[in-house]
Amino acid sequence: MNPVKRRARASAPAKIILFGEHFVVYGRPAILASIDRRVRVSARVRKDDQITIRSNMGFSGSFSTDKLNAVKREKKFRSMLQAVLSAAGDAMKEFKASTGLDLSIRSEFPHSVGLGSSAATAIATIAAVGSLFGKLSRERICDLSLETERIVHSNPSGADSAVCTYGGLMLFTKSEGARPIHTLLEPEFVVVNSGIRRVTGKLVTNVRSLREKDPGLFSGLADMSESLTSQALRAIRDRDYTGLGALMTMNHSVLQGLGVSRRILDRLVQVTLSAGALGAKMTGAGGGGCVIVLVRDDSKKRVLRSVRGYDAFLSKIDRRGVVVEESA
Ligand code: PMV
């Protein structure tokens, strides 16, 4: 199929996990939210068969379209570059198309720190490339991005793909997928980047080993995580910010028990709580990455000051999900 336009742009949001990371891989519930920072992808049709990729995330490259399938299967090459190529290739395959492309990728948030950059990049790439040829439903974009997530993370729960596609605040389980949480709650978070990059797949593997070695400990922690998640749902529905914050901090302790936190993350939690935060926890796979801090209007400046020197930003929930931004 030939493209219906020469240029398209799409974006997808960053995400935070409020409750249930890691346990979600084993069927337990998680609460996630997309936030107001995005990955923006611009796709342009080329006259030749080259796919060029430029990004502000530390990867770039140029490939011929006939290498698309080989690159996707290449086991040694599990990288964001491979993920982007796979996403672009899968989007074109939906329309039985194969053409050269210039892909330009700009992220408004740091990568490899638990904010879902790989899912957002895949989703924005699929949406932008797909819209050069026709229309892809959100469901299809989400499914295709999961393929790409499998390249980067090996055994993803699918939670990141769902929240970056649909946006907003959601409850996610592997068996039932995403369910939006309707609420008037308008939480504000300070996201603090510890500056330590990590690889999600490695942490997921560590947790799998712990689960095999000590199934009793794992299931006890999973039960705690699940109970905190259901209490959090009530707190969200009751707009109980204080209760929600306290539950987040308890969730951090459960993740400490799982062995995925580290001293710097624990310290950031302590420091922000002392500065008046309602609650704080690591988010995502852990081992580094970000801490999310629930703040009130009257404490957010103090919390931001308490983490001076770290890359930290205020964020709100973004309800739009993936957006195809413009066409020409
Ligand atoms: O750190 P992130 O953004 O890659 O999040 C991973 C979340 C996990 O629950 C640890 C894994 C998953 O697939 O849900």
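Details of the structure are given in the entry above.
Bear in mind the structure is a predicted one, so any value in this text is a computation, not a measurement.

So, how was this worked out
- Residues numbered from 1 in each chain as written.
- Predicted model: local features only at pLDDT ≥ 70, side-chain atom pairs only at ≥ 80, totals over all residues.
- Heavy atoms only, no water.
- Core = buried A, V, L, I, M, F, W, Y, C linked by side-chain atoms within 4.5 Å.
- Buried < 20%, exposed > 50% of the residue type's maximum accessible area, 1.4 Å probe, protein only.
- Contact = heavy atoms within 4.5 Å.
- 1 Å grid on protein atoms, 1.4 Å probe; cavity = no way out; pocket = protein on both sides within 12 Å on 5 of 7 lines; lining within 4 Å.
- Points joined across faces, edges and corners; volume = space filled by probe spheres on them.
- Helix = DSSP H or I, 4+ residues; strand = E, 2+ residues; numbered from the N terminus.
- Salt bridge = Lys/Arg side-chain N within 4 Å of Asp/Glu carboxyl O.
- Axes fitted to C-alpha atoms, helices over the stretch in contact; angles between N-to-C directions.
- Parallel < 35°, antiparallel > 145°, perpendicular 65-115°, else oblique.
- Left-handed = near helix turned anticlockwise from the far one by under 90°.
- Nonpolar A, V, L, I, M, F, W, Y, C, P; charged D, E, K, R; others polar.

Draft legend 1. Local environment of the nonpolar core. Core analysis: the largest hydrophobic core is formed by 110 residues, its most contacted members being Ile-31 and Leu-103. In contact with Leu-103, not counting residues within four places along its chain, are Val-41, Ser-42, Ala-43, Ile-51, Thr-52, Ile-53, Arg-54, Val-84, Ala-88, Thr-125 and Val-129.

Draft legend 2. Geometry of the layout of surface pockets. Taken as a whole, the largest pocket spans an internal volume of roughly 700 Å³. Those elements giving two or more residues to the lining of the largest pocket turn out to be strand 1 (7–19), helix 3 (117–130), helix 4 (138–153), helix 5 (159–166) and helix 6 (200–213). The element that contributes the greatest number of residues to the lining of the largest pocket is helix 4, accounting for four residues.

Draft legend 3. View of the environment of Ser-315. Structurally, Ser-315 can be placed in strand 11 (residues 311–316). For the pair Ser-315 and Val-207, spaced 108 residues apart in sequence, the C-alpha separation works out to 29 Å. Residue contacts for Ser-315: discarding those within four places in its chain leaves Ile-35, Asp-36, Pro-187, Glu-188, Phe-189 and Val-191.

Draft legend 4. Expanded view of the pattern of salt bridges. In this structure the tally under the stated criterion is 18 salt bridges. In this structure, Asp-318 and Arg-38 form a salt bridge, with 3.2 Å as the shortest nitrogen-oxygen distance. With a gap of 280 residues between them, Asp-318 in the loop between strand 11 and strand 12 (323–327) and Arg-38 in strand 2 (residues 30–45) connect regions that are remote in the sequence. There is no split in this pair, since Asp-318 and Arg-38 are both buried. Taken together, the shared-partner salt bridges connect Arg-44, Arg-46, Asp-48 and Asp-102 into one network.

Draft legend 5. View of the packing of helix 7 (residues 215–237) against helix 8 (residues 241–258). Interhelical geometry of helix 7 versus helix 8 gives an angle of 165° and a closest axis separation of 10 Å. Accordingly, the angle class assigned to the pair helix 7 and helix 8 is roughly antiparallel. Helix 7 and helix 8 meet at a crossing whose hand is left-handed. Within the contact between the two elements, helix 7 uses Phe-218, Leu-221, Met-224, Ser-225, Leu-228, Gln-231, Ala-232, Ala-235 and Ile-236 and helix 8 uses Gly-243, Leu-244, Leu-247, Met-250, Asn-251, Val-254, Gly-257 and Leu-258. Residues that form the contact of helix 7 with helix 8 fall into these classes: twelve nonpolar, five polar and no charged.

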